[in-house]
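# Close look at the chain arrangement
One-letter residues, chain by chain:
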Amino acid sequence: MLTLYDYLPSQNGYKVRLLLSQAQIPHRTRLVSIFEGAGRAPEYRAINPTGAVPAVRLDDGRVLSESNAILAYLAEGTAYLPEDRFLRAKVAQWMSFEIDYVQNTIGSLRYWALTGKLEQRPAELVAMKRAGARRALDVLDAHLAATPFLVDGAYSVADIAVFAYAHLADEAGIELSRYPALIAWVGRIRSQPRFLGQVFPYSIDPHASGELS
Ligand SMILES: N[C@@H](CCC(=O)N[C@@H](CS)C(=O)NCC(=O)O)C(=O)O
């Protein structure tokens, strides 16, 4: 059975949880206490050398990390990844966009804000991340004003990847209410079969105020 290595407040982990739920893929979960250094342990480094979650171990023992690579792999042959070559490349395009423009801005700001680290970060860096986050949401809002989902009008792993952090922009200090098309898209995603609504706050982890070494 597939094993998911996860940390519950991680929205990168959430992406994989959501697809596993929607595609009804049997799996078991192993939690990695990243703030206690479990990601740095040699046993976990053998699974993901970066020490980050999520990662998966396949039935045959092979391991895979990076949330969007995991999504692409698990979605193969399901309704969540198109067969057409160009459309698959469009899915890859939005998943790359997610890493650079969404995860790297909203993801960082939300993590810092919810674990009390925002004030400790250089103001210029925070301003740069905020500008990047707004730029990403502008791009998404303009695109989603013309289409129900990111690629070819059909719900796919591109939506799952972008949704994970984009819909939590408020928690990163970026007003989601400024982006009406994006809000409507969030509603469409929430109404997909086997949607997983639970987002775990960092406050469930007493160690989350520490820095990752
Ligand atoms: N680009 C990676 C980012 C993974 C990542 O940063 N995971 C965080 C949790 S959201 C983590 O495990 N951090 C601990 C660490 O980097 O040591 C992905 O998409 O999977």
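Residues numbered from 1 in each chain as written. Predicted model: local features only at pLDDT ≥ 70, side-chain atom pairs only at ≥ 80, totals over all residues. Heavy atoms only, no water.

The chain is annotated in an unreviewed UniProt entry as Glutathione S-transferase family protein of Luteimonas endophytica.

Moving on to the site of the ligand. The local shell around the ligand holds 13 residues, among which Arg-40, Val-53, Glu-66, Ser-67 and Gln-103 are the closest. A distance of 3.0 Å is found between an oxygen atom of the ligand and a side-chain nitrogen or oxygen belonging to Arg-40. Note that a nitrogen atom of the ligand is positioned 2.8 Å from one of the backbone N or O atoms of Val-53. Across the complex, the protein chains shield 80% of the 500 Å² of accessible surface that the ligand would expose by itself. (Near = heavy atom within 4 Å. Polar contact = N/O pair within 3.5 Å; in protein donor to acceptor, adjacent residues only side chain to side chain. Areas by Shrake-Rupley, 256 points an atom, 1.4 Å probe, with all protein chains shown as cover.)

Our next topic: helix 1 (residues 11-22). Across its 12 residues, helix 1 extends 16 Å between first and last C-alpha, which sits within 8% of the 16 Å expected from 1.5 Å per residue. Among the 12 residues in helix 1, 11 count as buried, and that is most of the element. All of the buried residues in helix 1 are Gln-11, Asn-12, Gly-13, Tyr-14, Lys-15, Val-16, Arg-17, Leu-18, Leu-19, Leu-20 and Gln-22. Summarising the contacts, the buried residues of helix 1 are in contact with strand 1 (2-6), strand 2 (27-31), strand 3 (55-57), helix 3 (67-75), helix 4 (85-114) and helix 6 (157-166). Among the residues trailing helix 1, Gln-24 stands out with phi positive, at a value near 55 degrees. (Helix = DSSP H or I, 4+ residues; strand = E, 2+ residues; numbered from the N terminus. Expected span 1.5 Å × (residues − 1). Buried < 20%, exposed > 50% of the residue type's maximum accessible area, 1.4 Å probe, protein only. Contact = heavy atoms within 4.5 Å.)

It is worth spelling out the UniProt feature "domain: GST N-terminal" (unreviewed entry) in the chain at this point. With numbering matched to this structure, UniProt assigns "domain: GST N-terminal" (unreviewed entry) to residues 1-82. Across residues 1-82, the secondary structure splits into 30% helix and 20% strand, with the terminal C-alpha atoms separated by 25 Å. (UniProt positions renumbered as here; feature names shortened; annotations may be inferred.)

On to helix 4. Helical periodicity: at 3.6 residues per turn, an α-helix aligns residues three or four positions apart in one direction. The sharpest bend along helix 4 reaches about 45 degrees and sits at Gln-103. One side-chain oxygen of the residue at the start of helix 4 lies 3.0 Å from the amide nitrogen of Phe-86, identifying that residue as Asp-84. (Bend = angle between axes of the 7 residues up to and from the residue.)

A few words on the nonpolar core. Ranked by internal contacts, the top residues of the largest apolar core, which has 68 residues, are Leu-137, Leu-140, Leu-150, Val-157 and Trp-185. Elements that contribute at least two residues to this core include exactly strand 1, helix 1, strand 3, helix 3, helix 4, helix 5 (123-144), helix 6 and helix 7 (180-190). Leaving out residues up to four positions away in the same chain, Leu-140 has contacts with Trp-94, Phe-97, Val-102, Leu-150, Val-162, Ala-166 and Leu-182. (Core = buried A, V, L, I, M, F, W, Y, C linked by side-chain atoms within 4.5 Å.)

Below, the discussion takes up the sheet that holds strand 2. An order of 2-1-3-4 is seen for the 4 strands of this open sheet, with the pairing classed as mixed. Strand pairing shows two members of the sheet lacking a second neighbour, strand 2 and strand 4 (63-65), which therefore form its edges. Mean inter-strand twist for the sheet, computed between neighbouring axes without regard to direction, equals 20 degrees. Bridging between strand 1 and strand 3 involves 3 bridges; their strand directions are antiparallel. (Pairing = 2+ DSSP bridges. Axes fitted to C-alpha atoms, helices over the stretch in contact; angles between N-to-C directions.)

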